[in-house]
Amino acid sequence: QVQLVESGGGLVQPGGSLRLSCTASGFVYSFSRYSMSWYRRAPGKGRELVAVILRSPDGANYADPVKGRFSISRDNAKNVTELQMNNLKPEDTAVYYCMANGPRGVYWGQGTQVTVSS
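Treat the numbers as computed from the prediction; the structure is a model and nothing was measured.

Asker: I would appreciate a short explanation of the state of the cysteines in the present structure.
Answerer: In a disulfide, the sulfur atoms of two cysteines are covalently bonded to one another. One pass over the structure, following the stated rule, counts one disulfide. Between the sulfur atoms of Cys22 and its disulfide partner Cys98 the distance amounts to 2.1 Å. In this structure, the disulfide formed by Cys22 and Cys98 twists by about -80° around the S-S bond and is classed as left-handed. With Cys22 in strand 3 (residues 18-25) and Cys98 in strand 9 (residues 94-102), the pair connects residues that are 76 residues apart, well separated along the chain. For Cys22, a relative accessible area of 0% gives the class buried. Under the relative-accessibility criterion, Cys98 is labelled buried at 0%.

Structure (structure tokens):
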């Protein structure tokens, strides 16, 4: 039914950039009714909130470790949210998950691997 599919992960050197995308489908309500977030789970650590973008107004919040480097955005016409990651660091290595928070609950994607290594 509800499906969130992440893409764009991969291997990148420190200082490099990646753009993650999350495509949603099967929602009961319009995509614009959902706030969208990115979480990550680093090796041996718990799940960490990375960024969130609100439905209206579409302001964004970021975790301290990624402020100034990451940027979250959304395209309601395409049911897509993205995470632009710049100046990547080894500590950014993690599985990144897309999450939707809507009128009837929370939904999660399957995750995409991001590895930052020289």
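There is more to say after this.
Asker: I would appreciate a short explanation of the packing of aromatic side chains in the present structure.
Answerer: Two aromatic rings, taken as a pair, are described by how far apart their centres are and by the angle between their planes. Scanning the model with the defined rule gives four aromatic pairs in all. Cluster of aromatic residues (ring-pair linked, three or more members): Phe27, Phe31, Tyr34 and Tyr107. Cation over ring: Arg33 sits above Tyr29, and NZ or CZ is 4.9 Å from the ring centre. Above the ring of Tyr39, the side-chain terminus of Arg47 is found at 5.6 Å from the ring centroid.

Cut-off values and rules
Residues numbered from 1 in each chain as written. Predicted model: local features only at pLDDT ≥ 70, side-chain atom pairs only at ≥ 80, totals over all residues. Heavy atoms only, no water. Disulfide = S-S within 2.5 Å. Helix = DSSP H or I, 4+ residues; strand = E, 2+ residues; numbered from the N terminus. Buried < 20%, exposed > 50% of the residue type's maximum accessible area, 1.4 Å probe, protein only. Phe/Tyr/Trp six-rings, centres within 6.5 Å; stacked < 30°, edge-to-face > 60°. Lys NZ or Arg CZ within 6 Å of the ring centre and 35° of its normal.

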